[in-house]
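Observations on the model geometry
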Amino acid sequence: MIERRQHERTSRSIRVEMRHPAFGTLIGFTMDISDGGAQVQVENQPLPPVGTEVAVLFRKVVGPINSEPVTMRVVRQFRNTVGLVFVA
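The structure contained in this document is the topic of the report that follows. If you're wondering where the values come from, they're calculated on a predicted model, not measured in any experiment.

As a further point, take the side chain of Glu17. Inspection of the secondary structure puts Glu17 in strand 2 (residues 15–20). Among the polar contacts made by the side chain of Glu17, one reaches the side chain of Arg19 at a distance of 2.9 Å. Beyond its immediate stretch of four places on either side in the chain, Glu17 contacts Thr25, Leu26, Ile27, Ala55, Val56, Leu57 and Arg59.

Once that is clear, we can look at the environment of Val75. Structurally, Val75 is set in strand 7 (residues 70–78). With relative accessibility at 38%, the residue Val75 sits in the partly exposed group. Once residues lying within four places of it in the same chain are set aside, the contact partners of Val75 are Val50, Gly83, Leu84 and Val85.

About the thresholds
- One numbering rule holds for all chains: residues counted from 1, following each sequence as written.
- Note on the predicted model: pLDDT of at least 70 is required for a residue's local features to be given, and 80 or more for side-chain atom pairs to be given and counted; whole-chain, interface and lining totals, by contrast, use all residues.
- As a rule here, side-chain values come from all non-hydrogen atoms in the structure, and water together with hydrogens is ignored.
- Only DSSP runs of H or I with at least four residues qualify as helices, and only runs of E with at least two residues qualify as strands; both kinds are numbered from the N terminus onward.
- In protein, a polar contact means a hydrogen-donor-capable atom and an acceptor-capable atom, both N or O and within 3.5 Å, with residues adjacent in sequence counting only if both atoms are side-chain atoms; elsewhere, any N or O pair within 3.5 Å suffices.
- A contact between two residues is defined here by any heavy atoms of the two lying within 4.5 Å.
- Each residue's exposure class comes from its accessible area (1.4 Å probe, protein chains only) as a fraction of the maximum for that residue type: buried when under 20%, exposed when over 50%, partly exposed otherwise.

The following block contains the structure:
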């Protein structure tokens, strides 16, 4: 299989809040993250469809990693996992 990723992935568990007017806020945790995007595991919540743009906050125990939400697009979903890419 040909590797198409442009950015090195790092396994990291970071709390993620994905927001969208149609479904509110979904909470998940990154399985891995890179400069291009993240793979996020979501428990017991419906996943947004591929192509959906969401406002994302990454949070650590004592506060947010990013103070303003970043826009990301759902590019893949499988079972309880979504693949997100940063939107420029």
